[in-house]
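# Summary of the model geometry
These are the residues of each chain, in order.
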Amino acid sequence: MMTPDFLRQRRGPLTRDLVQTPGHFGLGQVPARLKPASTTTSICGYCATGCQLKVHLDEDGRAINLSPATHYPVNLGMACPKGWQSLDPLDSPDRGTVPLLRDPSGTLQPVDWATAIGTFVDRFRDIHRRHGRDAAAFLSTGQIPLEEMAFLGCLWKSGMGFLHGDANTRQCMATAATAYKQSFGFDAPPYTYADFEESDVIVLVGSNLCIAHPILWQRVARNPRDPRIIVIDPRATETAQSATLHLPLKPKGDLPLYYALAHCILRDGRIDPASVARCDGFDDFAEFVRGFTPESVETSTGIPAATIENLARVVSEPGKRVSWWWTMGVNQSHEGVRTAQAIINLCLLTGNIGKPGTGPNSITGQCNAMGSRLFSNTTSLVGGHDFADPSHRRKVAETLDLPLQSIPSEPSLAYDQILEAAGRGEIKALWIVATNPFHSWIDSSRLAELRENLDFLVVQDMYPDTESARVADLFLPAAGWGEKAGTFINSERRIGTLKPFRQAPGLALTDFRIFRLIARAWGCGDRFERWTDPEAVFRLLRDTTLDRPCDITGIDGYDHIDRCGGIQWPHPAATDPDPPANERRLFADGVYCHPGGKAKLLFSEPARLPEAPDENFPFLLLTGRGSSSQWHTQSRTARSAILRKLCPAGAFVEIHPDDAARLGISEGSDVTLRSRRGEMTVAAYLAPTVQPGQLFLPMHYPEVNRLTHPSFDPHSRQPNYKACAVSIRLV
Ligand SMILES: Nc1nc2c(c(=O)[nH]1)N[C@H]1C(S)=C(S)[C@@H](COP(=O)(O)OP(=O)(O)OC[C@H]3O[C@@H](n4cnc5c(=O)[nH]c(N)nc54)[C@H](O)[C@@H]3O)O[C@H]1N2
Ligand SMILES: Nc1nc2c(c(=O)[nH]1)N[C@H]1C(S)=C(S)[C@@H](COP(=O)(O)OP(=O)(O)OC[C@H]3O[C@@H](n4cnc5c(=O)[nH]c(N)nc54)[C@H](O)[C@@H]3O)O[C@H]1N2
Ligand code: SF4
Ligand SMILES: [Mo]
């Protein structure tokens, strides 16, 4: 692929991450004797962009290589290094190939599946009998197909009779989901990726596309309208360096900034009256932002009043298409929901919604985070329903053929509340599926303490050596991406299929099969008789969506999805033409999902930082993604020699050169970071990209979350990973 002119102009010198195209790797490198005999396709199993990969198979049907699909509407022939190298983690000799059970001496020993499942059922049954349905919980993920996720959620609640279970999407997307639900009446990201290419102004808030969603950055680069790209991020990230304008705001200065923008827009009468007429709460909001003059927020945002005035004009220019995109810089905050809603409010005020190139658009993280939001049966009932609504419970029970009384009338405790309950001894056992919280959870040392309280810990993963699997009582070896079928939903609500094209190693089983084995052993197999295979489950789940905003009753099955190049929800059988249009956005008609059809303008007074720097801990620590070749806790990406080469060998902390000089720290020297909760030693990396007084640590090293401060957004209960107070000193 040629680098578009646009990209050449804007890519900054420090952009470390390359997007790989067929010229870089790929079929050219395949030895002649391995020339592919056939191909299949699969949606990538890492990020929520949802690129489609072509899988090249040899004559024996073995996968020998991957390349990006050229005609898929998401990635258009591009993929990032993780996608290209997706086979490596599957081939790793470190894969879990046999169940492991801790013996009386404390050692994990290989056992057969009958023993593993028998132990699982005996232990959970005993806990249920003695302590009731609140005494155990599962912690799951946005990284398994929605069929498996729904199976887990329904098995746990309607089969085994427990109540609590949450997913790592709490760490990631809970804020966006809550914000949309409260503002629009449904968790409905309104956009389609074509909006990246159709905007005149693109505002990226706390979103480092170049590293975290490189193919979406390529979509930005394809925009032919010479857009202004504005990045709002405390750090001069790779994305910020490639933007038209970077606003290095103070961490968590977002809320006053967006209220000040609303203030200017209202003061100058630059609203869209038709859009405002579709909102409830306008007068109260207008009154509320009256006090947020640009001058009054200079200190809290770190942004000069004149810049705010300018930005207000740019994002409200009549006739211009303005899109706002946010990721973890917003979601992972003590006031994330109100911050996301402040962005939503700006779009509603200016009419930037429901039209090409517009929208308050949250970009999701994991390959199936969006599937988890609709089908995991944790916070909401399967299919975007409410546990509390009796008619919803009845509908889901009838559609899934589950006893009505097996559907709880309340949602689960949230992740942090589950762990607190474990701390109090009320939750006695955890079942962790496809996530690694002993590394990724905020203030992770607390989890190690909680481990002591647990009677039983099960970890179901591809590898037995993750931080979480190592401390399990029972390890269940799982098949991974490429070894199973199912569907993912990407950030723009597009459902895509993944295909099995290889066998899991040893005795490892798909999560789906593990759930079936457990259902049978528990004695509730008959409730899941129709849950025979992923596609059968997909059809059941589809039927639950009838008449919901996410109605997908028009989808026949997996072939249909493939034929259409993925299908964005909604696609109701009754009203949508088939095949559905390939790029669709929501709310074009100005009708939202609240009763009465209006959106709500929601707001709160900005709150103080939960842990501000002080004399003893004078730096503010930010954390996030470090490189495009590292994925989270690195259970998968660290198994690829190529991906390891594309990222720094060890942990590093970014510090401003002025701070480093003052503290006698030079490039590469070892420094100790200390917070009130823990400490770690890392190499210093002198970078003017962080502001003085701030530090940045990539999240990919297990020690990072020993430092983070356990504070949470009150509405979404999402952890505030991106601000805590630390000290730094030379070792
Ligand atoms: N290579 C790679 N890609 C990934 C992932 C990965 O692990 N590796 N993970 C995937 C997942 S699950 C997710 S959720 C996404 C995350 O994708 P992103 O959210 O883009 O990534 P982060 O680096 O976590 O955070 C983004 C930015 O938020 C900024 N930030 C911190 N505090 C504030 C603040 O107060 N205000 C504002 N405006 N910005 C702030 C940080 O400086 C950082 O640059 O990436 C996905 N893609
Ligand atoms: N400090 C800090 N911490 C953070 C963040 C941050 O920005 N800063 N970001 C947070 C965010 S947004 C996220 S999403 C979380 C991610 O945190 P985690 O979910 O804990 O991270 P992963 O490394 O993706 O863990 C997924 C696990 O699932 C396993 N796995 C993969 N596929 C399968 C499968 O098909 N079946 C089974 N059973 N297992 C499988 C992998 O081997 C891996 O161990 O981290 C959060 N933690
Ligand atoms: S951008 Fe995301 S979905 Fe696309 S190849 Fe990379 S990790 Fe996979
Ligand atoms: Mo995430």
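In the block above lies the structure referred to throughout.
All of the points below concern the structure found in this document. What you see is a predicted model, and the numbers here were worked out from it, not measured in a lab. (Residues numbered from 1 in each chain as written. Chains lettered and ligands numbered in written order. Predicted model: local features only at pLDDT ≥ 70, side-chain atom pairs only at ≥ 80, totals over all residues. Heavy atoms only, no water.)

## Some details on the environment of Trp 531
- Structurally, the position occupied by Trp 531 is in the loop between α23 (511-522) and α24 (534-544).
- Since its relative accessible area comes to 1%, Trp 531 is described here as buried.
- Placed 95 residues apart in sequence, Trp 531 and Gly 626 show a C-alpha to C-alpha distance of 40 Å.
- Once residues lying within four places of it in the same chain are set aside, the contact partners of Trp 531 are Ala 150, Phe 151, Cys 154, Leu 400, Phe 512, Arg 516, Val 537 and Leu 540. (Helix = DSSP H or I, 4+ residues; strand = E, 2+ residues; numbered from the N terminus. Buried < 20%, exposed > 50% of the residue type's maximum accessible area, 1.4 Å probe, protein only. Contact = heavy atoms within 4.5 Å.)

## Brief notes about the sheet that holds strand β9 (residues 228-232)
- Judged by pairing direction, the sheet is parallel, and its five strands sit side by side in the order β10-β9-β8-β12-β13 without closing on themselves. Unpaired on one side and paired on the other, β10 (245-247) and β13 (359-362) mark the two borders of the sheet. In this sheet, neighbouring strand axes are inclined to one another by 15 degrees on average, regardless of whether the strands run parallel or antiparallel.
- Taken together, the three bridges between β9 and β10 define a ladder with parallel strand orientation. Bridging across to β10, Ile 232 finds its partner in Leu 247. (Pairing = 2+ DSSP bridges. Axes fitted to C-alpha atoms, helices over the stretch in contact; angles between N-to-C directions.)

## Some words on the pattern of salt bridges
- Summed over the entire model, instances satisfying the criterion amount to 42 salt bridges.
- Its salt-bridge partner being Lys 484, residue Glu 148 comes within 2.8 Å of it at the nearest N-O pair. Here the residue Glu 148 occupies a position in helix α5 (residues 146-159), and Lys 484 occupies one in the loop between β16 (474-477) and β17 (486-489), the gap between them amounting to 336 residues.
- Here Asp 659 ties to Arg 662 by a salt bridge, and the two come within 2.9 Å at their closest N and O atoms. Note that Asp 659 and Arg 662 are positioned in helix α27 (residues 657-663) at a spacing of three residues, about one turn of the helix. (Salt bridge = Lys/Arg side-chain N within 4 Å of Asp/Glu carboxyl O.)

## Some remarks on the layout of surface pockets
- Estimates place the volume of the largest pocket at around 720 Å³.
- Taken together, 38 residues form the lining of the largest pocket, with Ala 177, Lys 181, Arg 373, Thr 379 and Ser 380 sitting closest to its centre.
- Only α6 (174-184) and α18 (369-375) provide two or more residues apiece to the lining of the largest pocket.
- No other element matches the four residues that α6 contributes to the lining of the largest pocket.
- A class-by-class count of the residues in the lining of the largest pocket yields twelve nonpolar, 16 polar and ten charged. (1 Å grid on protein atoms, 1.4 Å probe; cavity = no way out; pocket = protein on both sides within 12 Å on 5 of 7 lines; lining within 4 Å. Points joined across faces, edges and corners; volume = space filled by probe spheres on them. Nonpolar A, V, L, I, M, F, W, Y, C, P; charged D, E, K, R; others polar.)

## Regarding the site of ligand 3
- Around ligand 3 sit Cys 44, Tyr 46, Cys 47, Thr 49, Gly 50, Cys 51, Ala 79, Cys 80, Lys 82, Gly 83 and Ile 215, and those are all the residues in its vicinity.
- Classifying every residue of the shell around ligand 3 by side-chain character gives seven nonpolar, three polar and one charged. (Near = heavy atom within 4 Å.)

## What to know about the packing of helix α11 (residues 254-267) against helix α15 (residues 305-314)
- In the contact formed by α11 and α15, the axes pass within 9 Å of each other and the chain directions differ by 65 degrees. Seen from above, α11 lies across α15 with right-handed handedness. Between α11 and α15, the contacting residues are Leu 257, Ala 260, Leu 261, Cys 264, Ile 265 and Arg 267 on the first element and Ile 308, Glu 309, Leu 311 and Ala 312 on the second.
- Among the residues making up the contact of α11 with α15, the classes are represented as eight nonpolar, no polar and two charged. (Left-handed = near helix turned anticlockwise from the far one by under 90°.)

## Observations concerning the pairing of strand β2 (residues 52-57)
- For β2, the tally of buried residues reaches five of six residues, placing the bulk of the element in the interior.
- In the sheet, strand β1 (residues 38-43) pairs with β2 via six bridges, with the strands oriented antiparallel. Note on β2: the bridge partner recorded for Ile 43 is Gln 52.
- Of the pairings in the sheet, the one linking β2 to strand β3 (residues 63-68) comprises five bridges and is antiparallel in character. When the bridges of β3 are listed, Lys 54 appears paired with Ser 67.
- In sequence, β2 turns back onto β3 through a hairpin of five residues, with Gly 61 there showing a positive phi of about 80 degrees.

## Section: the site of ligand 2
- As a matter of local geometry, ligand 2 sits amid 36 residues, with Asn 168, Ser 440, Asp 461, Lys 484 and Thr 633 nearest to it.
- Within the side chain of Lys 484, one N or O atom sits 2.7 Å away from an oxygen atom of ligand 2.
- One nitrogen or oxygen atom from the side chain of Tyr 721 is found 3.4 Å from a nitrogen atom belonging to ligand 2.
- Considered on its own, ligand 2 offers 920 Å² of accessible surface; in the complex 99% of this is hidden by protein. (Polar contact = N/O pair within 3.5 Å; in protein donor to acceptor, adjacent residues only side chain to side chain. Areas by Shrake-Rupley, 256 points an atom, 1.4 Å probe, with all protein chains shown as cover.)

## A closer look at empty space enclosed by the protein
- Under the criterion given, the structure shown has eight cavities of 30 Å³ or more.
- Volume-wise, the largest cavity comes out at about 620 Å³.
- What lines the largest cavity is a set of 39 residues, among which Gln 143, Asn 168, Ala 434, Trp 631 and His 632 lie closest to the centre.
- Contributing elements (two or more residues each) for the lining of the largest cavity: β15 (456-461) and β21 (619-624).
- Viewed by domain, the lining of the largest cavity spans two of them, domain 2 (100-167 + 367-568) and domain 4 (619-730), each represented by three or more residues.
- Looking at the second largest cavity, it is lined by 33 residues, and the ones nearest its centre are Gly 206, Met 328, Gly 329, Arg 625 and Lys 722.
- For the lining of the second largest cavity, the secondary structure elements donating two or more residues are α8 (209-212), α16 (328-331) and β21.
- No other element matches the three residues that β21 contributes to the lining of the second largest cavity.
- Here the residues of the lining of the second largest cavity are counted per class, giving twelve nonpolar, 14 polar and seven charged.
- Counting contributing residues, the lining of the second largest cavity receives three or more from each of domain 3 (190-362) and domain 4 (619-730). (Domains from an automatic or database assignment.)

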